[in-house]
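# Structural overview
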Amino acid sequence: MLPLKEKDKPIVQKLLSAGCCARCVLRFCCVSVQAAYRRPQHETLKELQAFIRDTENDKPQDSETAVESTEENNKSHDAAVSEPAEDPPSKRAKLEPSAADAPSEEAAAAAAAAAAVKLKDGESSVCVVCLGILQELCDTTQAVKIAEAVKAGKYEFDTLVLSVSLPAQLCVREHSCWLHVKKESREKSVAADKDDVIQVKEAFKWIMQGLVSKELGGVAVVTRSLFEVAVEITHPETDADCHFLASTCPDCFKPTKNKQSVFTRMAVVKALEKVSDAKFLKHYPCPPAQPTSCCSSQDVQCLHVSVFVAGRYNKFCRSLPQTPWLIDGERRMESSVEELIAASILSSFRADGFNFSSSGREDVDVRTLGNGRPFAMELLNPHRSRLSKVEMKQLQETINTSSDKIRVRDLQIVTKEAMSRMKEGEEEKTKSYTALIWTQKPIEKDDITFIDDIKDLTLDQKTPLRVLHRRALAVRQRVIHSMNTRFLDSHHFYLGLKTQAGTYIKEFVHGDFGRTKPNLCQLLKTDTDILELDVESVDVDWPPSIPE
Ligand code: ZN
């Protein structure tokens, strides 16, 4: 039994005559009972036809009697269509026996109703509003196609969310049909809000969610999930439906990057809100014109939300950049820290790609020793999202045996929110370094010991020449908290430094043509240069350490 009221009758009549499918009729009658959409559409169509036929026969009767007789009518129809042997190959064939079987006094009305849905010989009638989506693209065949795509991706997931992208012109057709119904509503003073009309998207999901779930062995298809299965539906035949809006409402359609067409769903919806009914009706048929083909569904896209992995890395090599080093599109070094770490992680999580970030970065010729530098990776579209602690340990081992240039520790899965811990307050953290210093003037052990007593030395660092191409010119104040020296020979010593994060150590040593003040040259009253630099520790207490 369809949850329709007496006042819906003229609307049903009008929509069927306009070439709406049964499910679209339910939508425009604001039927929000999901089960009504899941029924076979030919059954719904039969019921709708019986429902309006009733109106014509029962004109002299009062509305109460009319509703009762509708109920009886529906029951008999239910009985008729529940016989599987009667299932005909097409909607057209379905209608004929029902009309023929009808009592003689109803025959004329039934014939009229059949004619009303514009079913002609040899022509399947594609719905003028949903363009066949709720007729042809909402069945088990489609559910199987979606399920196959999910299975092929071998994803690991508990639940999934089904999303559907519809052609933008559907909004135009929906609007046209709404205006068509509104005329009727005004005449009969039946008020219905456009917002109460059930969206095609909604009806599609109500029908498909259960079917997809069944094909995937009962997996819950929910409204929010980490795993999204997207169906894209297109209908090139009617793409031009939107075009008149570009001249009526030009400011809604601005070309944007990465978009194939200016006629995005958002832009079309915005334009439809702006355009007056009169103007719309002048440029677009009401009800919409009959299409000749049905919508088609494109490849199903599966997407799992990112997984975040964090840890700390050591770098033992003085010829390894942190990220791939490209100059004019050409690679300068064969590998990089992020690639050496990412390779095994990507294959374990079967991810499509990654974004790497770290707490600061070292130059290509700088080693990172001690406990290492915190890093985090966003894994894009991981097909696997859960690894046990033991598996993470094994993964860490795999990374560490794959190269002697780097080493990772504390490898763990973290949340996106936790990841921001690494970046926050980065400038306030301290870092410790060891630098091998060369002096132009010969030195003795006693010449450098005064450096050990310098505490909290504030530097003014003008953006170094070597990074000027990527950082804005500015003078930044940084603090060297403490230093210590270890004499090596008359031209060399080791300098240990504990500094505020973000201090440019190389520039402090050679002075960068006076751009860093004070600098080591000034302190020692001789030219000095830095031969080697190691990061000894990055004092960020994240990610938490994992006991060996
Ligand atoms: Zn439809």
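Residues numbered from 1 in each chain as written. Predicted model: local features only at pLDDT ≥ 70, side-chain atom pairs only at ≥ 80, totals over all residues. Heavy atoms only, no water.

For a metal with four tetrahedral donors the ideal donor-metal-donor angle is 109.5 degrees, while six octahedral donors give ideal angles of 90 or 180 degrees. The protein atoms that coordinate the zinc ion are Cys21 (SG), Cys24 (SG), Cys127 (SG) and Cys130 (SG), at distances spanning 2.2 to 2.3 Å. One can describe the donor arrangement at the zinc ion as tetrahedral, given that its four donor atoms subtend angles of 106 to 114 degrees at the metal. We note that the donor set of the zinc ion lies within a single chain, spaced as C-x2-C-x102-C-x2-C. A residue is classified by how much of its surface remains accessible, and Cys21, at 4% relative accessible area, is buried. (Donors = N, O, S within 2.8 Å, 3.2 Å for Na, K, Ca; no water. Tetrahedral: all angles 85-135°; square planar, octahedral: opposite > 155°, others 65-115°. Buried < 20%, exposed > 50% of the residue type's maximum accessible area, 1.4 Å probe, protein only.)

What follows deals with the pattern of salt bridges. Taken as a whole and assessed by the stated rule, the structure comprises 24 salt bridges. As a salt-bridge pair, Asp277 and Lys182 come within 3.0 Å of each other at their nearest N and O atoms. Placement of Asp277 in helix H14 (residues 277-283) and of Lys182 in helix H10 (residues 169-187) is noted, with a sequence separation of 95 residues between them. A residue is classified by how much of its surface remains accessible, and Asp277, at 29% relative accessible area, is partly exposed. Taken together, the salt bridges that share partners define one network made up of Glu156, Asp158, Arg384, Arg386 and Glu391. (Salt bridge = Lys/Arg side-chain N within 4 Å of Asp/Glu carboxyl O. Helix = DSSP H or I, 4+ residues; strand = E, 2+ residues; numbered from the N terminus.)

Within the structure shown, the criterion is met by 10 aromatic pairs. Taking 4.7 Å as the distance between ring centres and 40 degrees as the angle between the ring planes, the aromatic pair formed by Tyr155 and Phe227 counts as tilted. Of this pair, Tyr155 sits in the loop between helix H9 (140-152) and strand E1 (159-165) while Phe227 sits in strand E3 (residues 227-234), placing them 72 residues apart in sequence. With respect to class, Tyr155 is no different from Phe227; both count as buried. Taken together, a centroid distance of 6.5 Å and an interplanar angle of 45 degrees make the contact between Tyr313 and Phe356 tilted. On the criterion of sequence distance, the pair formed by Tyr313 in strand E6 (residues 307-315) and Phe356 in strand E9 (residues 353-358) is long-range, its members being 43 residues apart. Accessibility assignment for this pair places Tyr313 and Phe356 in one class, buried. Three or more aromatic residues joined by ring pairs make a cluster, and in this case those are Tyr155, Phe157 and Phe227. Just above the ring of Phe51 sits the side chain of Lys9; from NZ or CZ to the centre is 5.0 Å. (Phe/Tyr/Trp six-rings, centres within 6.5 Å; stacked < 30°, edge-to-face > 60°. Lys NZ or Arg CZ within 6 Å of the ring centre and 35° of its normal.)

On to the layout of surface pockets, then. The space that makes up the largest pocket amounts to roughly 1,100 Å³. Along the walls of the largest pocket sit 35 residues, with Arg361, Glu362, Asp363, Arg466 and Arg470 positioned nearest its centre. Secondary-structure elements contributing two or more residues to the lining of the largest pocket are E9, strand E10 (366-380), strand E12 (430-439), helix H19 (505-510) and strand E17 (528-538). Take the lining of the largest pocket: its biggest share by element is three residues, from E9. Along the lines of polarity and charge, the residues of the lining of the largest pocket split into 13 nonpolar, eight polar and 14 charged. Its boundaries defined by the atoms lining it, the second largest pocket holds a volume of some 580 Å³. For the second largest pocket, the lining is made up of 20 residues, of which Ala168, Glu232, Gln260, Ser261 and Phe263 are closest to its centre. Sorting elements by how many residues they give to the lining of the second largest pocket places E3 first, with three residues. A per-class count over the lining of the second largest pocket returns seven nonpolar, nine polar and four charged. (1 Å grid on protein atoms, 1.4 Å probe; cavity = no way out; pocket = protein on both sides within 12 Å on 5 of 7 lines; lining within 4 Å. Points joined across faces, edges and corners; volume = space filled by probe spheres on them. Nonpolar A, V, L, I, M, F, W, Y, C, P; charged D, E, K, R; others polar.)

Shape descriptors only; they carry no functional weight alone.
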